[in-house]
Amino acid sequence: MKQINITTPSKNYPVYVGEQAITKLGEVLQSLTPAPKNVLIITDHNVGELYLKDVQAELDQKFSYESFQIKPGDSQKSFENYYACQSFALEKGLDRTSVILALGGGMIGDIAGFVAGTYMRGIRFIQIPTTILAHDSAVGGKTGINHPEGKNMIGVFHQPEAVIYSTDFLSTLPENEIRSGFAEVIKHALIADPSFYEYLRKNITTLNDLKDEHLLNCLTRGIEIKNEVVSQDEREKGIRAFLNFGHTLGHAIEGELRYKDITHGEAVAHGMLFALSLKEETIQLGKNLKRWLHDLGYPTTPKNLSVSSLINRMKKDKKAAGRTINMVLLEQTGHPYIAPYQAIDLEEKLTEFLK
Ligand code: ADP
Ligand code: ZN
């Protein structure tokens, strides 16, 4: 098992990654002061069905606990489910010493973290991520829910007490979820660590390679990079924007496809390819990445997308400024920078890219 120490201006906490990391749970809870009166596990039906009993087994005879399950899917990151969690917590008598366990992918981490961040003005929580994508969302302290007007529109920054990443829980992930999470690992490598990118290129040639030692390395290095960036910029003023590599177009594609038929990471993969196509020096890197992604079974960029609708969405991106669209590009692997584009120029480039 590996341990990474996350440092943020507001608090430091450990991430345990590895086979059977879940066996750390009792110890982590016992080390907390004040001792938790009780524990609430929040999970979704899929993950609950598979792993709730493993988590409960770690608590049996040591802690009193309750479990609350919500339906799977990002659309469940709703005010209604948030409110239902709060009501359940009140009903079961959680107090300010209680601890919430977020057992699941990014969706559960976000909503359970937001419940924890606001229940009685904020109680402690522990992340127990079960997807590869969650290596990204479990670090950085962002929690929240969606509003019909937009995703993640309501939320707070709230850091967990610990992250317990039990890699044995990831063996049941569907292939498209593996691809989704791995795209974000590739992103972390591209923006920050050329040798890690080379390692991935060499060792991950099929999705099947994403297990054991390689999976462990992907999660730990991904988390370390995310932490390095976020710890320098907790409230997103400067370099945190580099984490947006591939996301300006990625978010627009997800939106155009109504968040169906494509996962977050798959959309980000298209966004990274587009970003690499925008600069002479990274065109070859983009071509190589495209071939590799294809070999790993990533879908090709959808052809039937409307360029003008995509551009409109990119203009509305939280990170856009007026009519210019800020794109994260690379000078080379490990050297990201922000390039402002006029919408009209980007539209031309995107038309070319989607041909
Ligand atoms: P993320 O945002 O991290 O991709 P989600 O919370 O949206 O994750 O989960 C994606 C889907 O995968 C959901 O349907 C969820 O129930 C399911 N899921 C999460 N973890 C696992 C797992 N370890 N095994 C099988 N299915 C999982
Ligand atoms: Zn992302």
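Further up the page is the structure itself.
Residues numbered from 1 in each chain as written. Chains lettered and ligands numbered in written order. Predicted model: local features only at pLDDT ≥ 70, side-chain atom pairs only at ≥ 80, totals over all residues. Heavy atoms only, no water.

Engineer: Lay out the pairing of strand 10 (residues 324-332) with the relevant residues and their values.
Structural biologist: Both strand 10 and strand 11 (residues 335-342) contribute to a ladder of eight bridges, which runs antiparallel. For Thr324, the partnering residue across the bridge sits in strand 11 and is Gln342. The turn linking strand 10 back onto strand 11 is made up of two residues, and Gly334 within it adopts a positive phi angle of 90°. (Pairing = 2+ DSSP bridges. Helix = DSSP H or I, 4+ residues; strand = E, 2+ residues; numbered from the N terminus.)

Engineer: Could you give me a rundown of the pattern of salt bridges, with the residues and numbers involved?
Structural biologist: In total, this model carries 15 salt bridges according to the counting rule given. For Lys77, the salt bridge goes to Asp110, with nearest N and O atoms at 2.8 Å. Here Lys77, found in the loop between strand 4 (65-70) and helix 3 (79-91), pairs with Asp110, found in helix 4 (residues 106-118); they are 33 residues apart in sequence, far enough to count as distant. Note on accessibility: Lys77 and Asp110 belong to one class, buried. Its salt-bridge partner being Asp193, residue Arg221 comes within 2.8 Å of it at the nearest N-O pair. Note that Arg221 is positioned in helix 8 (residues 212-231) and Asp193 in the loop between helix 6 (175-192) and helix 7 (194-203), a separation of 28 residues in sequence. Look at Asp193 and you get buried, because its relative accessible area is 11%. (Salt bridge = Lys/Arg side-chain N within 4 Å of Asp/Glu carboxyl O. Buried < 20%, exposed > 50% of the residue type's maximum accessible area, 1.4 Å probe, protein only.)

Engineer: Any details on the coordination of the zinc ion (ligand 2)? Residues and values, ideally.
Structural biologist: When a metal holds four donors in a tetrahedron, each ideal angle between them is 109.5 degrees; when it holds six in an octahedron, the ideal angles are 90 or 180 degrees. The zinc ion (ligand 2) binds to the protein through Glu184 (OE), Glu184 (OE), His247 (NE2) and His264 (NE2); the donor distances cover 2.1 to 2.7 Å. Taken together, the four donor atoms coordinating the zinc ion (ligand 2) span angles of 48 to 135° at the metal, a pattern that classifies the geometry as irregular. Donor residues for the zinc ion (ligand 2), ordered by position in the chain, follow E-x62-H-x16-H. In this pair, His247 is assigned in helix 9 (residues 247-256) and His264 in helix 10 (residues 264-277), connecting sequence segments 17 residues apart. (Donors = N, O, S within 2.8 Å, 3.2 Å for Na, K, Ca; no water. Tetrahedral: all angles 85-135°; square planar, octahedral: opposite > 155°, others 65-115°.)

Engineer: Account for the nonpolar core, with residues named and values stated.
Structural biologist: Membership of the largest hydrophobic core comes to 96 residues, with the highest contact counts inside it found for Leu25, Leu101, Phe182, Leu289 and Met314. Here this core spans two domains, since at least three of its residues come from each of domain 1 (2-172) and domain 2 (175-354). For Leu289, the residues in contact, after removing those within four places along its chain, are Ile186, Leu190, Tyr197, Met272, Leu273 and Leu276. (Core = buried A, V, L, I, M, F, W, Y, C linked by side-chain atoms within 4.5 Å. Domains from an automatic or database assignment. Contact = heavy atoms within 4.5 Å.)

Engineer: Describe the packing of aromatic side chains, and please don't skip the residues or the numbers.
Structural biologist: Where two aromatic rings form a pair, the distance of their centres and the angle of their planes describe that pair. Applying the stated criterion across every chain, the model contains nine aromatic pairs. Between Tyr51 and Phe169, the aromatic rings sit 4.5 Å apart at their centres with planes inclined by 20°, giving stacked as the arrangement. Highlighted residues: Tyr51 in helix 2 (residues 45-59) and Phe169 in the loop between strand 9 (162-166) and helix 6, separated in sequence by 118 residues. Its relative accessible area of 8% is what places Tyr51 among the buried residues. Three or more aromatic residues joined by ring pairs form one cluster here, namely Phe79, Tyr82, Tyr83 and Phe114. Over the ring of Tyr259 we find Lys151; its NZ or CZ atom is 4.1 Å from the centre of that ring. (Phe/Tyr/Trp six-rings, centres within 6.5 Å; stacked < 30°, edge-to-face > 60°. Lys NZ or Arg CZ within 6 Å of the ring centre and 35° of its normal.)

Engineer: Which residues make up the packing of helix 3 against helix 4, and what values do they have?
Structural biologist: Where helix 3 meets helix 4, the axes come as close as 10 Å, and the angle between the chain directions of the two elements is 50°. Considering the angle they form, helix 3 stands oblique to helix 4. Where helix 3 crosses over helix 4, the handedness of that crossing is right-handed. Counting all contacts with helix 3, which are made through Asn81, Tyr82, Cys85 and Gln86, the residues of helix 4 involved are Ile111, Phe114, Val115 and Thr118. Of the residues contributing to the contact of helix 3 with helix 4, the split by class is five nonpolar, three polar and no charged. (Axes fitted to C-alpha atoms, helices over the stretch in contact; angles between N-to-C directions. Parallel < 35°, antiparallel > 145°, perpendicular 65-115°, else oblique. Left-handed = near helix turned anticlockwise from the far one by under 90°. Nonpolar A, V, L, I, M, F, W, Y, C, P; charged D, E, K, R; others polar.)

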